Amino acid sequence: MSVYAILFFQMDEIFFTFIREIREEKGLNPYKMAKLMNFKTVERYLEFERSKKALNVEKLLLLWRISGWSAKRFMERMEDDFRKEQVQETK
């Protein structure tokens, strides 16, 4: 399954460490990140960071812009986290 396919289905508990990594790299707390990403509450942002909700393309694009990473780095990090989860599911 390609990394792009993950954008289109509801995930139960895939945890993308790269989302938290971006926030921490920018020196932002969850509250500030929630505001930057237009989440109504910190809890909603944290659900996004922990990927307990379906990933939203609009939010991912905003996260990419905030990160300052190249598109290649962003997609590779997202794919790395997704592949780690796939390996864990097969165990």
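Please refer to the structure placed before this passage.
Residues numbered from 1 in each chain as written. Predicted model: local features only at pLDDT ≥ 70, side-chain atom pairs only at ≥ 80, totals over all residues. Heavy atoms only, no water.

1. Section: the overall build of the protein chain
Then, in step 1: Looking only at helices and strands, the protein chain features five helices and zero strands.
Then, in step 2: If you list the helices and strands of the protein chain from N to C, you get α-α-α-α-α.
Then, in step 3: The 91 residues of the protein chain split such that 36% are buried.
Then, in step 4: For the protein chain, restricting intrachain contacts to residue pairs at least 6 apart in sequence, the fraction spanning at least 24 positions comes to 68%.
Then, in step 5: Approximately 5800 Å² of the protein chain is accessible, and the part contributed by carbon and sulfur atoms is 52%. (Helix = DSSP H or I, 4+ residues; strand = E, 2+ residues; numbered from the N terminus. Buried < 20%, exposed > 50% of the residue type's maximum accessible area, 1.4 Å probe, protein only. Contact = heavy atoms within 4.5 Å. Areas by Shrake-Rupley, 256 points an atom, 1.4 Å probe, with all protein chains shown as cover.)

2. Comments concerning helix H1 (residues 17-25)
Then, in step 1: By the burial criterion, the buried members of H1 are Phe-18, Ile-19, Ile-22 and Arg-23. Taken end-on, H1 shows its buried residues confined to a sector of 145°, consistent with a single buried face.
Then, in step 2: Just downstream of H1 lies Gly-27, where phi reads positive at about 70°. (Arc of directions from axis to C-beta.)

3. A word on the pattern of salt bridges
Then, in step 1: According to the stated counting rule, one finds nine salt bridges in the structure shown.
Then, in step 2: Note that Glu-21 and Arg-77 form a salt bridge whose closest N and O atoms lie 2.6 Å from each other. Of the two residues, Glu-21 is situated in helix H1 and Arg-77 in helix H5 (residues 71-90); the sequence distance between them amounts to 56 residues.
Then, in step 3: Between Glu-47 and Arg-44 there is a salt bridge whose closest N-O contact spans 3.5 Å. Residue Glu-47 and its partner Arg-44 are both found in helix H3 (residues 42-49); the two are separated by three residues, about one turn of the helix.
Then, in step 4: Residue classification places Glu-47 among the partly exposed positions, given a relative accessible area of 26%.
Then, in step 5: On the accessibility criterion, Arg-44 (43% relative accessible area) is partly exposed. (Salt bridge = Lys/Arg side-chain N within 4 Å of Asp/Glu carboxyl O.)

4. A closer look at the side chain of Lys-59
Then, in step 1: Position of Lys-59 relative to the elements: it lies in helix H4 (residues 57-67).
Then, in step 2: We note that Lys-59 is buried and unpaired, the nearest opposite charge coming from Glu-58 at a distance of 5.6 Å.
Then, in step 3: Ignoring sequence-local partners within four residues, the contact set of Lys-59 consists of Met-37, Asn-38, Phe-39 and Phe-48. (Lys, Arg positive; Asp, Glu negative; His and termini not counted.)

5. Let's talk about the packing of aromatic side chains
Aromatic rings in a pair are described by how distant their centres are and how their planes are angled relative to each other.
Then, in step 1: Enumeration according to the criterion identifies five aromatic pairs in this entry.
Then, in step 2: A centroid spacing of 6.4 Å and a plane angle of 45° characterise the contact between Tyr-45 and Phe-48, whose relative ring orientation is tilted. Taken together, the residues Tyr-45 and Phe-48, both in helix H3 and three residues apart, mark about one turn of the helix.
Then, in step 3: On the basis of relative accessibility, which here comes to 0%, the residue Tyr-45 falls in the buried class.
Then, in step 4: The class for Phe-48 is buried, based on a relative accessible area of 4%.
Then, in step 5: An aromatic cluster is defined as three or more aromatic residues linked by ring pairs; in this entry it consists of Phe-18, Trp-69 and Phe-74.
Then, in step 6: Over the ring of Phe-39 we find Lys-59, and its NZ or CZ is 4.3 Å from the ring centre. (Phe/Tyr/Trp six-rings, centres within 6.5 Å; stacked < 30°, edge-to-face > 60°. Lys NZ or Arg CZ within 6 Å of the ring centre and 35° of its normal.)

Spatial relationships are all this shows, so hold off on functional conclusions.
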